[in-house]
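Fold and contact review
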Amino acid sequence: MKTLLLVPTTGNINMDTLAQNVAKLVDAELLATPSHDELSAAIGDNNLDDLLEQVVARQSAPVSVMVGVLVDENTPFANRVNRELATGFDADVIMVGDDFARLPVFASLFGGLKGKRIWGVIGTEELSGKVQVLARTDKGGNLSEIDTGAFDAYKTADRTQKLSPYAFRNQVVRLAQNAKKRIVLPEGDEPRTIEAAAICQSRGIAQCVLLGDPAKIRAVAEERDVTLPDGIEIIEPSTVIEKYVAPMVERRKGKLDEEGARAALQDTVYLGTMMLQVSDVDGLVSGAVHTTADTIRPAFQLIKTAPEYSLVSSVFFMLLPEQVVVYGDCAVNPNPTAEQLAEIAIQSAQSAQAFGIDPKVALISYSTMNSGSGEDVETVKSALQIVREKAPELKVDGPLQFDAASVPSVGKQKAPNSPVAGEANVFIFPDLNTGNTTYKAVQRTAGVISVGPMLQGLNKPVNDLSRGCLVDDIVYTIALTAIQAVGDNA
């Protein structure tokens with residue numbers, strides 16, 4: 001999908017009429033911008049993200065046109081909203097005005113008149129040739145001197161769209177709603193988990209199953225002023241343990257007897273994992289209280305690795321301001337071999353693709369191509385060759401330093417012939433120390449939301465939470481798990 005955002009720099013032009021005329025030129029749908037009152041309320045309640053996510057959700061046509069907010073004394077938030085709209089839709093911006101001298105100031109919000117975001121300008125007078133002039137317009141918003149070739153080309157041009165945080169969140173929710181999966185939450189009496197389950201149940205993100213004492217769960221919900229919606233399931237563990245004793249003994253044949261299985265199933269994570277193993281539920285989310293090891297150990301023992309893989313790894317979806325990227329492996333494998341690193345790269349690329357990201361995979365190192373040497377660099381080089389043999393269709397390269405992988409100008413300088421340098425959106429770190437440190441540094445210093453870790457390579461989806469997670473983190477992890485369950489090997 002492509003979006004044209006018309007940003008007004010003057011109040012003298014009828015922007016509604018102009019938008020209609022531009023939409024006709026590119027055969028586009030018109031998307032309504034939230035009203036002044038809606039924007040004011042959302043910003044006052046710190047809910048602008050949620051409001052703009054709803055706007056993104058309304059986009060349905062290949063090309064859309066929408067109008068930005070005019071900066072004046074009544075809209076102090078206009079610059080912020082316009083910037084967020086441009087980012088959220090990965091939009092091409094058309095500046096609209098009657099004074100070219102003022103345009104550079106407004107255009108600076110989008111990287112300047114020569115930046116990639118600005119597609120052109122529409123004005124009411126002769127404009128400088130520094131930027132593409134698409135048309136003239138009168139005060140009523142009617143167009144003349146139209147560059148029809150530019151608009152015709154825009155309709156048909158291929159454009160690789162960055163997946164913005166708003167689009168990602170909307171897509172995750174939509175895919176989860178369509179999946180209609182049943183997700184078990186072993187930490188059923190944990191307050192954040194209860195609230196997240198209520199949200200997921202009410203929004204149709206998943207059928208949630210809370211394991212725990214029903215009286216305690218309802219008491220916690222009441223304390224947090226959370227209404228448990230109809231359909232949410234609460235299961236007292238002691239009432240179902242016996243059902244899973246024999247299947248667990250069979251799954252752990254030679255390693256566990258009935259008494260041992262009965263004892264293990266007192267742990268709700270083991271109980272939830274067995275419910276998943278026998279397909280009574282479609283996925284599991286835990287970790288708000290339990291450690292990562294406590295969450296994934298039962299999965300390793302009972303769910304086990306999918307046949308096509310030899311290991312389980314993880315990814316984080318990093319919601320950067322301009323786009324969503326994938327980091328792996330930042331939670332599971334301490335020192336992967338070349339073969340394991342290659343498998344992590346392939347798994348991570350598949351996860352990215354499942355969530356709407358066209359993967360461009362960079363194998364990260366302290367060396368770019370042949371600029372450095374050493375055992376660690378050779379491991380990355382070997383991993384690259386294995387990936388290219390196993391997944392020849394994948395856009396992948398390495399070793400690449402992080403700046404060479406992520407910054408276009410650096411990538412062009414250091415690796416000019418690379419298919420991914422400067423444009424990577426899937427970053428594979430050489431070891432757990434590097435990956436975990438990097439994701440937390442980016443998350444905390446840049447204020448970036450990270451969704452994950454999402455585990456990859458298991459027969460059925462199990463996902464871990466950070467013990468410092470927020471309610472929203474749990475909601476989106478439940479959604480990710482539901483989506484993974486669509487393609488599991490059950």
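Everything below is about the structure printed above this text.
The following paragraphs examine the structure supplied in this document.

**Description of the overall build of the protein chain**
A tally of helices and strands in the protein chain yields 19 helices and 18 strands. By the compact-globule yardstick of 23 Å for 490 residues, the protein chain fits well, its C-alpha radius of gyration being 26 Å. Taken along the three principal axes of its C-alpha coordinates, the protein chain extends 85 × 60 × 35 Å. Taken over 490 residues, the protein chain has a buried fraction of 55%. Only carbon and sulfur atoms are counted for the fraction: they give 48% of the accessible area of the protein chain, which is about 21,100 Å². Of the charged side chains in the protein chain, 44 are positive and 62 negative, and the gap between their average positions amounts to 3 Å.

**Brief notes about the nonpolar core**
The biggest cluster of nonpolar side chains holds 96 residues, and the ones touching the most others in it are Met95, Phe168, Phe317, Val361 and Leu363. Among the elements that take part in this core, helix α19 (residues 471-486) stands out by supplying 9 residues, more than any other. Each residue touching leucine 363, except ones within four places of it in the same chain, is listed here: Ala345, Val380, Ala383, Leu384, Val396, Asp397, Gly398, Pro399, Leu400 and Ile428. Counting 28 residues, the second-largest nonpolar core is a separate cluster that includes Val209, Val245, Met274 and Val281.

**As for the pairing of strand β3 (residues 63-67)**
Most of β3 sits inside the fold, with 5 of its 5 residues counted as buried. A two-sided burial pattern is seen for β3, the buried positions comprising Val63, Val65 and Val67 on one face and Ser64 and Met66 on the other. As defined by bridge partners, strand β1 (residues 2-8) adjoins β3 across 5 bridges and the pair is classed as parallel. In the strand pairing of β3, leucine 4 is matched with valine 65.

**Points about helix α15 (residues 375-390)**
Between its terminal C-alpha atoms α15 stretches 23 Å, which fits the 22 Å expected from 16 residues at 1.5 Å a residue. Looking at the packing, one finds that the buried side of α15 touches α14 (338-354), β14 (360-364) and β15 (395-400).

**Some words on the side chain of arginine 117**
Mapped onto the elements, arginine 117 comes out in the loop between α5 (103-107) and β5 (118-123). Separated by 3.3 Å, the side chain of arginine 117 and the backbone oxygen of alanine 86 make a polar contact. Discounting residues that sit within four places of it in the chain, arginine 117 has contacts with Ala86, Thr87, Asp90, Ala91, Asp92, Val93, Phe110, Arg159 and Glu322.

**Describing the packing of aromatic side chains**
If you walk through the whole model with that rule in mind, you get 11 aromatic pairs. Seen from their ring centres, phenylalanine 168 and phenylalanine 355 are 6.5 Å apart, and the 50° between their planes marks the pair as tilted. In this pair, phenylalanine 168 is assigned in helix α7 (residues 165-179) and phenylalanine 355 in the loop between α14 and β14, connecting sequence segments 187 residues apart. Since its relative accessible area comes to 2%, phenylalanine 355 is described here as buried. We note lysine 2 situated over the ring of tyrosine 154; from NZ or CZ to the ring centre the distance is 4.9 Å.

**Comments concerning the packing of α7 against α19**
Their axes nearest at 8 Å, the elements α7 and α19 cross at an angle of 55°. Relative to α19, α7 is oriented oblique. For the crossing formed where α7 meets α19, the hand is left-handed. Taken together, the residues of α19 that come into contact with α7 (itself represented by Phe168, Arg169, Val172, Val173, Leu175, Ala176 and Ala179) are Tyr476, Ala479, Leu480, Ala482, Ile483 and Val486. Looking at the contact of α7 with α19, its residues break down into 12 nonpolar, no polar and 1 charged.

**What to know about unusual backbone geometry**
A cis geometry characterises the amide bond from glycine 398 onward to proline 399, with omega recorded as -5°. With respect to the secondary-structure elements, proline 399 resides in strand β15. In this chain, glycine 452 is followed by proline 453 through a cis amide linkage whose omega measures 5°. Looking at the element boundaries, proline 453 is found in strand β17 (residues 449-456). Non-glycine residue aspartate 90 carries a positive phi angle of around 45°. In the Ramachandran plot, glutamate 145 falls in the positive-phi region, its phi being about 50° despite a non-glycine side chain. Note that glutamate 145 resides in the loop between β7 (143-144) and α6 (148-156).

Scoring rules and cut-offs
- Each residue is numbered by its place in its chain's sequence as written, counting from 1.
- Where totals are concerned, whole chains, interfaces and linings use all residues; where local detail is concerned, this predicted model gives features only for residues with pLDDT of at least 70, and gives and counts side-chain atom pairs only at 80 or more.
- Computation of side-chain values: all heavy atoms of the structure, hydrogens and water removed.
- Here a helix means four or more residues in a row that DSSP labels H or I, a strand means two or more in a row labelled E, and each is numbered from the N terminus.
- Each radius of gyration is computed over the set of C-alpha atoms, and the globule rule expresses the reference value as 2.2 Å times the number of residues to the power 0.38.
- Partly exposed residues are those whose accessible area sits between 20% and 50% of the maximum for their type, while under 20% is buried and over 50% is exposed, using a 1.4 Å probe and protein chains only.
- To measure how exposed things are, a 1.4 Å probe is used in the Shrake-Rupley method; for residues, cover is taken only from the protein chains shown.
- Positive charges are assigned to Lys and Arg, negative charges to Asp and Glu, while His and the chain termini are left out of the count.
- Lys charges are placed at NZ, Arg charges at CZ, Asp charges at CG and Glu charges at CD.
- We define the nonpolar core as a collection of buried residues of types Ala, Val, Leu, Ile, Met, Phe, Trp, Tyr and Cys that are connected through side-chain atoms lying within 4.5 Å of one another.
- Any pair of residues with heavy atoms lying within 4.5 Å of one another is described as a contacting pair.
- Whether two strands pair comes down to DSSP finding at least two bridges between them.
- A helix is expected to span 1.5 Å multiplied by its residue count minus one.
- Any N or O atom pair separated by 3.5 Å or less is treated as a polar contact, with the protein-specific requirement of one donor-capable and one acceptor-capable atom, and with residues adjacent in sequence counted only for side-chain atom pairs.
- Two rings from Phe, Tyr or Trp (for Trp, the six-membered ring) form a pair when their centres sit within 6.5 Å of each other. Planes less than 30 degrees apart are called stacked, planes more than 60 degrees apart edge-to-face, and all others tilted.
- In our convention, an over-ring charge means Lys NZ or Arg CZ found within 6 Å of a ring centre and within 35 degrees of that ring's normal.
- Working convention: axes come from line fits to C-alpha atoms, limited for helices to the stretch in contact. Angles between N-to-C directions cover 0 to 180 degrees.
- For this classification, under 35 degrees means roughly parallel, over 145 means roughly antiparallel, 65 to 115 means roughly perpendicular, and everything else is oblique.
- Handedness of each helix crossing follows the sense of rotation of the near helix against the far helix: counterclockwise by less than a right angle gives left-handed, clockwise gives right-handed.
- Ten residue types, Ala, Val, Leu, Ile, Met, Phe, Trp, Tyr, Cys and Pro, are classed as nonpolar, four, Asp, Glu, Lys and Arg, as charged, and the remainder, Gly among them, as polar.

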